[in-house]
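The primary structure of each chain is shown beneath.
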Amino acid sequence: MEFQDLEVIYYERDKYGNPKHNYLYPNIAGNFFTRNLLCYITYKEFVAYIWKNSDKATLDSWDFVPNFSVDYMKKDELNYDASLKIDCGDLVQGCALTHYLYKHDMEVNPIIERLKNIKYDAYVLGNHEFNYGLDYLNKSYSTVADKIINGNIDGLAFDTKPYKIFDFDGFKIGCIGFITSFVPNWERPCNIEGLTFNNPVEVYAKYEKELKEKCDFIVVCYHGGFEKSLEDNTTPTEALTKENQGSELLEKFDSIDMILSGHQHRSFITKIDNRICSQPLNNGQNFTKIVIDTETKEINYELVDVKNIDIEIDKELQSIFDETEAKLQVYLDQEIGHFDKDIIV
């Protein structure tokens, strides 16, 4: 038979055996707490495991990592007076599950429903959100469109706001959302038709004054990364193409208290010029947890490794995926063809 509609994906692996380009599952990337406030910030892909089974490629166990992260958040936030949970992009693309949802005209996206179930407060779009086109993106986010913070994309179907201010008993945190403006350099034109991706630095300059007037604490939620050294913020670590502008934002605006980033598949949480900057590792391997005391202004922060979480998966949350996963497994078990010669992989 002929192979039709067949995608072949090659994953280059790093020295630890992890895929370098493995866009698989919304990565639970962070959280934010205070004595009065807890925030979870998320970013990137869900993890999947691929192995060879007889003459068919199969995929399974795709949701265990994010299950642990989400269940941890649901229980851990009870230890604080308030919480704020934010997803920083690349949420609905990249694995067999999302491919299945795209091909089968879903009514609701279970990935979004999962985060909606634990009351995520805000979402930032990532560059991979556009890979399946605007129809899929719009349908996926339709139930949480009012929670998207979008400072630098013009032309979206949603009536988005550039920032949201969260008031915790008088302590006001302003979260402004950006995506890397480099998207048009990668994405198929038909998938971003009618959209303009503006420079995050220029857009922040537009809103800085009103954010400073309205907020006690300003957080940039950025689906992009840092283009200069984390140690001194002056030495470029890559070509300065404007794909990543976290360093430039810090250089030009002392009003920014924190940058929560994604996109580069790096893992760090540090202070640059006494401002917390974080990026959790790809594939949901860790996430950022930040605790703020709104009275003393003391801030504690860490990256939580999912492998160290000892928690039972919430069956109610898991049930959101059960029906879709069953259909997915049938879909993945379909034979799509045979090779009549040996192949070298």
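Residues numbered from 1 in each chain as written. Predicted model: local features only at pLDDT ≥ 70, side-chain atom pairs only at ≥ 80, totals over all residues. Heavy atoms only, no water.

Caption draft 1: Quick peek at the confidence of the model for the chain. Taken over all residues, the pLDDT of the chain has a mean of 80, while the share at 70 or more is 80%. In this model residues 40-65 is a low-confidence stretch, pLDDT under 50, and it forms 121 contacts with partners more than four residues away in sequence or in other chains. (pLDDT = per-residue confidence, 0-100. Contact = heavy atoms within 4.5 Å.)

Caption draft 2: Geometry of the nonpolar core. One finds Tyr123, Phe130 and Tyr141 to be the most contacted residues of the largest nonpolar core, which totals 44 residues. Of all the secondary-structure elements, those providing two or more residues to this core are helix 1 (64-76), helix 2 (96-103), helix 3 (110-117), helix 4 (134-141) and helix 7 (315-332). Among all residues touching Tyr141, those that are not within four sequence positions of it are Leu91, Val92, Ile112, Tyr123, Leu125, Glu129, Ile148 and Phe158. (Core = buried A, V, L, I, M, F, W, Y, C linked by side-chain atoms within 4.5 Å. Buried < 20%, exposed > 50% of the residue type's maximum accessible area, 1.4 Å probe, protein only. Helix = DSSP H or I, 4+ residues; strand = E, 2+ residues; numbered from the N terminus.)

Caption draft 3: Spotlight on the pattern of salt bridges. Taken as a whole and judged by the stated rule, the model has 12 salt bridges. Ionic pairing is found between Lys289 and Asp76, a salt bridge with its closest N-O pair at 2.9 Å. With Lys289 in strand 15 (residues 286-292) and Asp76 in helix 1, this pair connects stretches of sequence that are 213 residues apart. The network of salt bridges with shared partners includes Lys242, Glu248 and Lys252. (Salt bridge = Lys/Arg side-chain N within 4 Å of Asp/Glu carboxyl O.)

Caption draft 4: Fine view of empty space enclosed by the protein. In the structure shown here, the tally under the stated rule is 1 cavity of 30 Å³ or more. Considered as a void within the structure, the largest cavity measures approximately 30 Å³ in volume. For the largest cavity, the full set of lining residues is Val124, Leu125, Ile149, Asn150, Gly151, Asn152, Ile153, Gly177, Phe178 and Ile179. Here the residues of the lining of the largest cavity sort into 6 nonpolar, 4 polar and no charged. (1 Å grid on protein atoms, 1.4 Å probe; cavity = no way out; pocket = protein on both sides within 12 Å on 5 of 7 lines; lining within 4 Å. Points joined across faces, edges and corners; volume = space filled by probe spheres on them. Nonpolar A, V, L, I, M, F, W, Y, C, P; charged D, E, K, R; others polar.)

Caption draft 5: Region of interest: helix 5 (residues 200-214). Between the first and last C-alpha of helix 5 there are 20 Å, a value that for 15 residues agrees with the 21 Å anticipated at 1.5 Å per step. Considering bend angle alone, the principal kink of helix 5 is centred on Tyr207 and spans about 50°. Check the buried side of helix 5 and you find it contacts strand 8 (163-168), strand 9 (171-179), strand 11 (217-223) and helix 6 (246-252). Capping the start of helix 5, Asn199 holds a side-chain oxygen 2.8 Å from the backbone nitrogen of Val201, two or three residues further along. (Expected span 1.5 Å × (residues − 1). Bend = angle between axes of the 7 residues up to and from the residue. Polar contact = N/O pair within 3.5 Å; in protein donor to acceptor, adjacent residues only side chain to side chain.)

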